[in-house]
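# Close look at the chain arrangement
In case you want the letters, here they are:
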Amino acid sequence: MGQTFTAIADDATAIYWNPAGLTQIKQRELNFTHLQLFEDVRHEYMAYAQALDDFNAIGASVTLLTQKPLEKIDNQGNSTGSFNSYNGTISLAYSHNFGIFNAGITAKGIYQKIDDVSSSGIAFDCGMLYLHDS
């Protein structure tokens, strides 16, 4: 099936990949992921999802991307200290089973900070999952 997991998405990570997949969950699920990348960049992900009944499911997740403090350099090439940067997302998801297909939506609050500059916003992901008998 190659890389088709984004279409299947049948666990708590469906909040990220395809929120329509949440109705595939049959029990409560908790997912933790920690990635230690190059240059002390860290990616943390935590997701919780559960079925409400046979047709509805909900989930929530938190994503954080951080790195070690970076050195500040002025225009003359002198070190002036250090600064931190990070990105974070909090997501809430809902999915409904309509019989032959599932539909889902994820609402995200996004925050980013680099040194003393920050930004925030909201975003939405929508997904569908067609159900068929093979």
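The model shown is predicted, which means the values in this text are computed figures rather than measured ones.

## Side note on the packing of aromatic side chains
- Following the criterion strictly, the structure yields four aromatic pairs and no others.
- With a centroid separation of 4.9 Å and an interplanar angle of 90°, the aromatic rings of Tyr 16 and Trp 17 are classed as edge-to-face.
- Trp 17 sits in the partly exposed class, given a relative accessible area of 45%.
- On the numbers, 5.1 Å between centres and 20° between planes, the contact of Phe 98 with Phe 101 is stacked.
- Overall, the relative accessible area of 27% leaves Phe 101 in the partly exposed class.
- Taken together, the aromatic side chains of Tyr 16, Trp 17 and Tyr 45 make up a single cluster linked through ring pairs.

## Points about the pattern of salt bridges
- Applying the stated criterion to the full structure yields three salt bridges.
- With a closest N to O distance of 4.0 Å, Lys 68 and Glu 39 form a salt bridge. Taken as a pair, Lys 68 in the loop between β3 (56-66) and β4 (70-73) and Glu 39 in the loop between β1 (29-36) and β2 (42-51) lie far apart in primary sequence, 29 residues in all.
- For Lys 68, a relative accessible area of 38% gives the class partly exposed.

## Structural notes on the pairing of strand β6 (residues 85-97)
- Bridge analysis of β3 against β6 gives eleven bridges, and the strand direction is antiparallel. The residue of β6 that forms the bridge with Val 62 is Ile 90.
- Direction of pairing for β6 relative to strand β7 (residues 101-114): antiparallel, over a ladder of 13 bridges. In the strand pairing of β7, Asn 87 is matched with Gln 112.
- Here β6 hands over to β7 after three residues, with Gly 99 in that stretch at a positive phi of 105°.

## Brief notes about the environment of Leu 92
- Tracing the backbone through its elements, the reader meets Leu 92 in strand β6.
- Overall, Leu 92 belongs to the exposed group, its relative accessible area being 56%.
- For the pair formed by Leu 92 and Ala 47, sequence separation is 45 residues and the distance between their alpha carbons is 9.7 Å.
- Those residues in contact with Leu 92 that lie beyond four places of it in its chain are Gly 59, Ala 60, Ile 105, Thr 106 and Ala 107.

## Some details on the pairing of β1
- By the bridge criterion, eight bridges tie β1 to β2 in an arrangement that is antiparallel. Following the sheet pairing, Gln 36 is matched in β2 by Arg 42.
- Here β1 folds back onto β2 in antiparallel fashion, the turn holding five residues, of which Glu 39 has a positive phi close to 55°.

Procedures and definitions
- Residues numbered from 1 in each chain as written.
- Predicted model: local features only at pLDDT ≥ 70, side-chain atom pairs only at ≥ 80, totals over all residues.
- Heavy atoms only, no water.
- Phe/Tyr/Trp six-rings, centres within 6.5 Å; stacked < 30°, edge-to-face > 60°.
- Buried < 20%, exposed > 50% of the residue type's maximum accessible area, 1.4 Å probe, protein only.
- Salt bridge = Lys/Arg side-chain N within 4 Å of Asp/Glu carboxyl O.
- Helix = DSSP H or I, 4+ residues; strand = E, 2+ residues; numbered from the N terminus.
- Pairing = 2+ DSSP bridges.
- Contact = heavy atoms within 4.5 Å.

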